[in-house]
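Listed here are the chains, written in short residue letters.
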Amino acid sequence: MALEDSERWQQLSERWASWRESSGPLRTLIVAVLVLVLLLSVIVGMYWSSEPELFPVRESATVKAEQMGVKPVVGFTTVNTLIQVTSTLLDKPGGYLSNDMLPPGVFLDNIPEWEFGVLVQVRDFTRALRKDFSRSQSQSTEDRDLATAEPQFNFDSESWAVPSSESEYREGIRALDKYLQRLADPQQQNAQFYARADNLRQWLQDVETRLGSLSQRLSASVGKRRLNTDLSGEGAAHQSTPGEYDQDVKTPWTQIDNVFYEARGSAWALAHLLRAIEVDFQDVLQNKNALVSLRQIIRELEATQETLWSPMILNGSGFGMFANHSLVMASYISRANAAIADLRELLSQG
């Protein structure tokens, strides 16, 4: 019995050796193909990870108006910029990556976070369009196309099945484009954009809240002790559950680059929207002597788009030997946020 097992083992070994010799070229080819596929995936992934450049808002609106055969009216530049920001989100290199289920997109996490930052600003501004900018007062009727666009952009950002995120967002873009066409048509007086200081203040309040949150999350990259100030300023205030008086706030190390790229995407979208606001609200801003304040905010936000030369997001300590990219980003975001608070105060003055 032992002899038969030994012979069988020897036969199997001979067959294995024979197969290895005969399949040598095939195995070499398979390995070469796998290496080539991996190399191409890395190259494509690097290309897809490139962030879109800032585009000229005023020139883009002029080109769009010429294509439509109309003259830019109040609100035209702002709505066109919102459309182009959202279109860039979907049509940049690699397309929309947040819902990718196949390589290399499924392995990329920085650009999806960038996309989410842009998407948050698109959602906020579309809501402001529907709720404030397109309505003369609280009792006026909302615009039908904006009522269609807003929920489309609030669709799940990671849906890859039917319907996909891209198809829903493109439907929102089509609704915005219809609103833009009606806005530029003198015969369509039911489509309006009201460039008023109170409307602008409402949206800037949302921006201030978003940037404040991003600034805190970026600053928490190194960890810090924080006193609980949630109920400061009102002695009779209460909250649902008690919070610790002194707590440690720190962004998990696995989320540091995610927060960084979300802030970078959010700042990219805001820089364009504020450039458009500068055009459509120029008279209001000049009347409040606030135009230079807006331009300083834009300058801070555009500074966040400088080229990142490091292959990864560094997280050195606050005063350590190595850079901390999150703290640098937090510095720009915080200054922009403080300037927005000052701008809102200027707009509230008579």
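Calculation notes
Residues numbered from 1 in each chain as written. Predicted model: local features only at pLDDT ≥ 70, side-chain atom pairs only at ≥ 80, totals over all residues. Heavy atoms only, no water. Helix = DSSP H or I, 4+ residues; strand = E, 2+ residues; numbered from the N terminus. Buried < 20%, exposed > 50% of the residue type's maximum accessible area, 1.4 Å probe, protein only. Contact = heavy atoms within 4.5 Å. Areas by Shrake-Rupley, 256 points an atom, 1.4 Å probe, with all protein chains shown as cover. Patch = residues over 30% accessible without salt bridge, like charges linked within 9 Å, V, L, I, M, F, W, Y side chains within 5 Å. Salt bridge = Lys/Arg side-chain N within 4 Å of Asp/Glu carboxyl O. Phe/Tyr/Trp six-rings, centres within 6.5 Å; stacked < 30°, edge-to-face > 60°. Axes fitted to C-alpha atoms, helices over the stretch in contact; angles between N-to-C directions. Parallel < 35°, antiparallel > 145°, perpendicular 65-115°, else oblique. Left-handed = near helix turned anticlockwise from the far one by under 90°. Nonpolar A, V, L, I, M, F, W, Y, C, P; charged D, E, K, R; others polar. Polar contact = N/O pair within 3.5 Å; in protein donor to acceptor, adjacent residues only side chain to side chain. pLDDT = per-residue confidence, 0-100.

(A) Structural view of the overall build of the protein chain. Looking only at helices and strands, the protein chain has twelve helices and two strands in total. Considering the protein chain as a whole, with its 350 residues, one finds that 41% of them fall into the buried category. Considering only contacts within the protein chain whose residues lie at least 6 apart along the sequence, 74% involve residues at least 24 apart. For the protein chain, the computed accessible surface area is about 19800 Å², with 54% contributed by carbon and sulfur atoms.

(B) Up close: a nonpolar patch on the surface. Among the surface-exposed residues, Leu36, Leu39, Leu40 and Ile43 lie close enough to one another that they form a single nonpolar patch of about 380 Å² accessible area. Along the chain, leucine 40 falls in helix H2 (residues 24–48). Using a relative accessible area of 46% as the deciding quantity, one classes leucine 40 as partly exposed.

(C) Representation of the packing of aromatic side chains within the structure. Within the structure shown, the criterion is met by ten aromatic pairs. Between phenylalanine 55 and tryptophan 268, the ring centres sit 6.3 Å apart and the planes meet at 70°, which makes this aromatic pair edge-to-face. Of the two residues, phenylalanine 55 is situated in the loop between H2 and helix H3 (57–68) and tryptophan 268 in helix H9 (residues 256–280); the sequence distance between them amounts to 213 residues. Owing to a relative accessible area of 14%, phenylalanine 55 belongs among the buried residues under this scheme. Seen from their ring centres, tryptophan 114 and tryptophan 268 are 5.1 Å apart, and the 55° between their planes marks the pair as tilted. Residue tryptophan 114 is located in helix H5 (residues 110–133), and its partner tryptophan 268 is located in helix H9; the two are separated by 154 residues in the primary sequence. Among the aromatic side chains, those forming a connected cluster through ring pairs are Phe125, Phe133, Phe193, Trp203 and Phe281.

(D) Quick peek at the packing of helix H4 (residues 76–91) against H5. Packing of H4 against H5 brings their axes to within 10 Å, and their N-to-C directions diverge by 150°. The orientation of H4 relative to H5 falls into the category roughly antiparallel. Both H4 and H5 take part in a crossing whose hand is left-handed. On H5, the residues that touch Thr78, Val79, Leu82, Val85, Thr86 and Leu89 of H4 are Trp114, Glu115, Val118, Leu119, Val122, Phe125, Thr126 and Leu129. In the contact of H4 with H5, the residues fall into ten nonpolar, three polar and one charged.

(E) Focus on the side chain of serine 165. Mapped onto the fold, serine 165 is located in helix H7 (residues 165–183). Residue classification places serine 165 among the buried positions, given a relative accessible area of 0%. Among the polar contacts listed, one links the side chain of serine 165 to the backbone oxygen of serine 157, at a separation of 3.4 Å. When neighbours within four sequence positions are excluded, serine 165 is seen to be in contact with Tyr96, Asn99, Phe155, Asp156, Ser157, Glu158 and Ser159.

(F) Examining the environment of valine 328 more closely. Relative to the helices and strands, valine 328 is located in helix H12 (residues 325–348). What makes valine 328 partly exposed here is its relative accessible area of 46%. C-alpha of valine 328 to C-alpha of threonine 304: the two residues are 24 residues apart in sequence and 8.6 Å apart in space.

(G) How the structure looks around the confidence of the model for the protein chain. Per-residue pLDDT for the protein chain averages 87, and the proportion of residues at 70 or more is 87%. Taking the mean pLDDT of every element in the protein chain, the minimum, 64, falls on strand S2 (residues 246–249) and the maximum, 97, on H4.

(H) Region of interest: unusual backbone geometry. Residue proline 104 follows proline 103 across a cis peptide bond; omega there is 0°. You can see proline 104 is positioned in the loop between H4 and H5. Along the chain, valine 162 connects to proline 163 via a cis peptide bond; the corresponding omega equals 0°. Among the structural elements, proline 163 can be located in the loop between helix H6 (144–153) and H7. The backbone of asparagine 289 sits at a positive phi, close to 55°, despite the residue not being glycine. You can call asparagine 289 exposed: its relative accessible area is 64%.

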